[in-house]
Amino acid sequence: MRRTRPATRLPTAHPHRALAAGAVLLLAAGPAALAPAPTPSGAAGPAPTATTGPPGPGDRGSRLYLESCASCHGPQGQGTQLGPSLIDVGAASADFQVSTGRMPLTHEEQQPRRGKSAFSADDVAALVDHLSSFGGGPQIPRVAPGNLGSGRELFAANCAPCHGTTGAGAVLTDGWIAPPLDRATPTQVAEAVRVGPGLMPVFPSQVLSDAQVNDLTTYVGRLRSERLDRGGNPLGRLGPLAEGLVAWLVALVFLLGAVRWLGRRAGQ
């Protein structure tokens, strides 16, 4: 019986030895072996990876709004239970309220009073520009010199019944007041005419033209420049009767003091 010779088995390389040999060949080939394969002419290569840094801070106006206004009016001006919506309010109203110090409120009150603005002129401009992005509303009027005589007639017909003939202001109903106009700038007067803050009615361009508003602001400026208080203390312009009464009381105190002093001199 013929005995079959077993087949000879070829030796196989160990896996770790094969990896080591590949590493040696790769190092010997140098950096060229690590370079990517060239792309064919006209073929698009892999898109570069975009590297973007952290988003930059918002502009000054938006930061001021978020810090000072959003808590009451909402981050997008949509309004909350604490404050009305600012959408379609307009730059004129925003500038009037902020530049006169009526906004932002430090405490809740029925009618915000004029005070020192919480912002610089540049900050007011930045904040108003941001509020304008909410859309709509009257823009800040461009004021120019007007006719003084026409302004006097317009003031007497439309403003004096509440603000007084001298612009000193007056008390209205339910705790409201018509504020004095001695500190209002021409732009603020024109803004108030167009937006009607508080109980003041709105005077659109169909009622008072831009030229008539210029006449009105010119006359109000004249009231500011007139020397209405020609001497002494005006006592808030309470009127001649009240001022006369105060003068008599002061004089009476001086007379009583003089009588007592003379009585002591006579008794010595």
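Structural data are supplied above this passage.
Residues numbered from 1 in each chain as written. Predicted model: local features only at pLDDT ≥ 70, side-chain atom pairs only at ≥ 80, totals over all residues. Heavy atoms only, no water.

### Observations concerning the pattern of salt bridges
And then number 1: Per the counting criterion, the structure on display carries two salt bridges.
And then number 2: Among the salt bridges present, the one from Asp123 reaches Arg60, with a minimum N-O distance of 3.1 Å. In this pair, Asp123 is assigned in helix α5 (residues 121-132) and Arg60 in helix α2 (residues 60-68), connecting sequence segments 63 residues apart.
And then number 3: For Asp123, a relative accessible area of 19% corresponds to the buried category. (Salt bridge = Lys/Arg side-chain N within 4 Å of Asp/Glu carboxyl O. Helix = DSSP H or I, 4+ residues; strand = E, 2+ residues; numbered from the N terminus. Buried < 20%, exposed > 50% of the residue type's maximum accessible area, 1.4 Å probe, protein only.)

### Some points on the environment of Leu208
And then number 1: Summarising the element assignment, Leu208 is placed in the loop between α8 (186-195) and α9 (210-225).
And then number 2: Once residues within four sequence positions are removed from consideration, Leu208 is found in contact with Leu154, Val193, Arg194, Phe203 and Val213. (Contact = heavy atoms within 4.5 Å.)

### Some words on the side chain of Thr217
And then number 1: Among the secondary structure elements, Thr217 is positioned in helix α9.
And then number 2: Residue Thr217 is classed as buried on the basis of its relative accessible area, which comes to 4%.
And then number 3: Once you skip the residues sitting within four places of it in the chain, Thr217 turns out to touch Val143, Pro186, Val189 and Ala190.

### Brief notes about the packing of α8 against α9
And then number 1: α9 packs onto α8 with a crossing angle of 130° between their chain directions and a minimal axis gap of 9 Å. In terms of axis orientation, α8 runs oblique to α9. Classified by chirality, the crossing of α9 by α8 is right-handed. Residues Pro186, Val189, Ala190, Val193 and Arg194 of α8 touch α9, and the partners they reach there are Asp210, Val213, Leu216, Thr217, Val220 and Arg224.
And then number 2: In terms of residue class, the contact of α8 with α9 is made up of seven nonpolar, one polar and three charged. (Axes fitted to C-alpha atoms, helices over the stretch in contact; angles between N-to-C directions. Parallel < 35°, antiparallel > 145°, perpendicular 65-115°, else oblique. Left-handed = near helix turned anticlockwise from the far one by under 90°. Nonpolar A, V, L, I, M, F, W, Y, C, P; charged D, E, K, R; others polar.)

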